[in-house]
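Structural overview
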Amino acid sequence: MKPFSESCVQNQAVILKQLKLLCPHPANILEIGSGTGQHAVYFSKKMPHLEWYTSDRPENHPAIKLWLDEAQLSNLHYPFELDVKKSNWPELAIDIIFSANTAHIMSKAEVEAFFSRVGSQLQKEGLFILYGPFNYNGQYTAESNARFDLWLKQQNPDSEIKDFEFLNSLAKQSGLEFSQQIDMPANNKILCWKKK
Ligand SMILES: C[S@@+](CC[C@H](N)C(=O)[O-])C[C@H]1O[C@@H](n2cnc3c(N)ncnc32)[C@H](O)[C@@H]1O
């Protein structure tokens, strides 16, 4: 049976609304940490002008493949085996990198590797779109995020909500320029960087 993520159902329509504005033209989009594959199916169906490339660590591939096999969308592609810590990123001309709810799961070292790689993989003018909860100057934006962060750290001491300032300094080192922040429901944000 296909695994199911309730949070994907809750956030997919609001994320789609922003992705349509951010990605209006035909493009190759690589998703990092596709999870169940639900987002990939939903977004690629609603945005057929995008070639949507899924990826994740191998343990999530059976789930992603079940979702993709059922959807049968010609612009949606089987997952690449991709752990941000490793160097085997796909040899693809990538215009956009999208990732949802991954930075707070990853350790700081993984996020450093993630941003470094995004900078080298993206084409000039390429866009990096990161969705999730973020802190600003070490402060939570909401009490619910503080509770979520505590829960995250109980699951894995390396997981935590990351500071925007930390992410943006990694982005700068990687040749990415901050372009915009979009406030999203449930105290989440979309952060966008552009490859210079
Ligand atoms: C909370 S899930 C989010 C899944 C999906 N993007 C969503 O929004 O429902 C976090 C995802 O990050 C992936 N992830 C965690 N560490 C990773 C790493 N080092 N490299 C690549 N993906 C990683 C996990 O495998 C998982 O798919």
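Scope of this entry: the structure provided in the associated data block. As the structure is a computational prediction, the values presented were derived from the model and not from experiment.

Time to look at the layout of surface pockets. In this model, the largest pocket occupies a volume close to 980 Å³. As for the largest pocket, its lining consists of 40 residues, and the residues nearest its centre are Ala100, Asn101, Thr102, His104 and Ile105. Elements represented by at least two residues in the lining of the largest pocket include exactly helix H1 (6-22), strand S1 (27-32) and helix H5 (143-155). Among the elements that make up the lining of the largest pocket, the one with the highest residue count is H5 (6 residues). By residue class, the composition of the lining of the largest pocket is 15 nonpolar, 19 polar and 6 charged.

Leu19, Leu22, Phe43, Trp52, Phe98, Ile129 and Ile190 are the most contacted members of the largest nonpolar core, which totals 28 residues. Core analysis: the second largest hydrophobic core is formed by 27 residues, Phe115, Phe134, Ala171 and Leu176 among them.

Looking now at the sheet that holds strand S2 (residues 50-56). If you walk across this open sheet you meet the 7 strands as S3-S2-S1-S4-S5-S7-S6, and the pairing is mixed. Edge positions in the sheet fall to strand S3 (76-81) and strand S6 (176-184), since each of these pairs with one other strand and no more. With direction set aside, neighbouring strand axes in the sheet form an average angle of 20 degrees. As defined by bridge partners, S6 adjoins strand S7 (residues 188-195) across 8 bridges and the pair is classed as antiparallel. Residue Gln181 lies in a different strand from S7, and its bridge partner there is Leu191. Contacts from helix H2 (residues 38-46) reach S1, S2, S3 and strand S4 (94-100) within the one sheet, and its direction differs from that of S2 by about 175 degrees. Contacts from helix H3 (residues 61-71) reach S2 and S3, with the element oriented near 170 degrees to S3.

The next thing to look at is unusual backbone geometry. Even without glycine at this site, Gln72 takes up a positive phi of about 50 degrees. The residue Ala186 is not glycine, and still its phi comes out positive at about 60 degrees. Position of Ala186 relative to the elements: it lies in the loop between S6 and S7. Classification of Ala186 as exposed rests on a relative accessible area of 61%.

When helix H6 (residues 164-173) is considered as a whole, its buried residues turn out to be Phe164, Phe166, Leu167, Asn168, Leu170 and Ala171. Packed against the buried residues of H6 are helix H4 (108-121), strand S5 (122-132), S6 and S7. Residue Gly175 follows H6 closely and has a positive phi angle near 80 degrees.

What counts and how
Residues numbered from 1 in each chain as written. Predicted model: local features only at pLDDT ≥ 70, side-chain atom pairs only at ≥ 80, totals over all residues. Heavy atoms only, no water. 1 Å grid on protein atoms, 1.4 Å probe; cavity = no way out; pocket = protein on both sides within 12 Å on 5 of 7 lines; lining within 4 Å. Points joined across faces, edges and corners; volume = space filled by probe spheres on them. Helix = DSSP H or I, 4+ residues; strand = E, 2+ residues; numbered from the N terminus. Nonpolar A, V, L, I, M, F, W, Y, C, P; charged D, E, K, R; others polar. Core = buried A, V, L, I, M, F, W, Y, C linked by side-chain atoms within 4.5 Å. Buried < 20%, exposed > 50% of the residue type's maximum accessible area, 1.4 Å probe, protein only. Pairing = 2+ DSSP bridges. Axes fitted to C-alpha atoms, helices over the stretch in contact; angles between N-to-C directions. Contact = heavy atoms within 4.5 Å.

The analysis is restricted to geometry; functional conclusions fall outside its scope.
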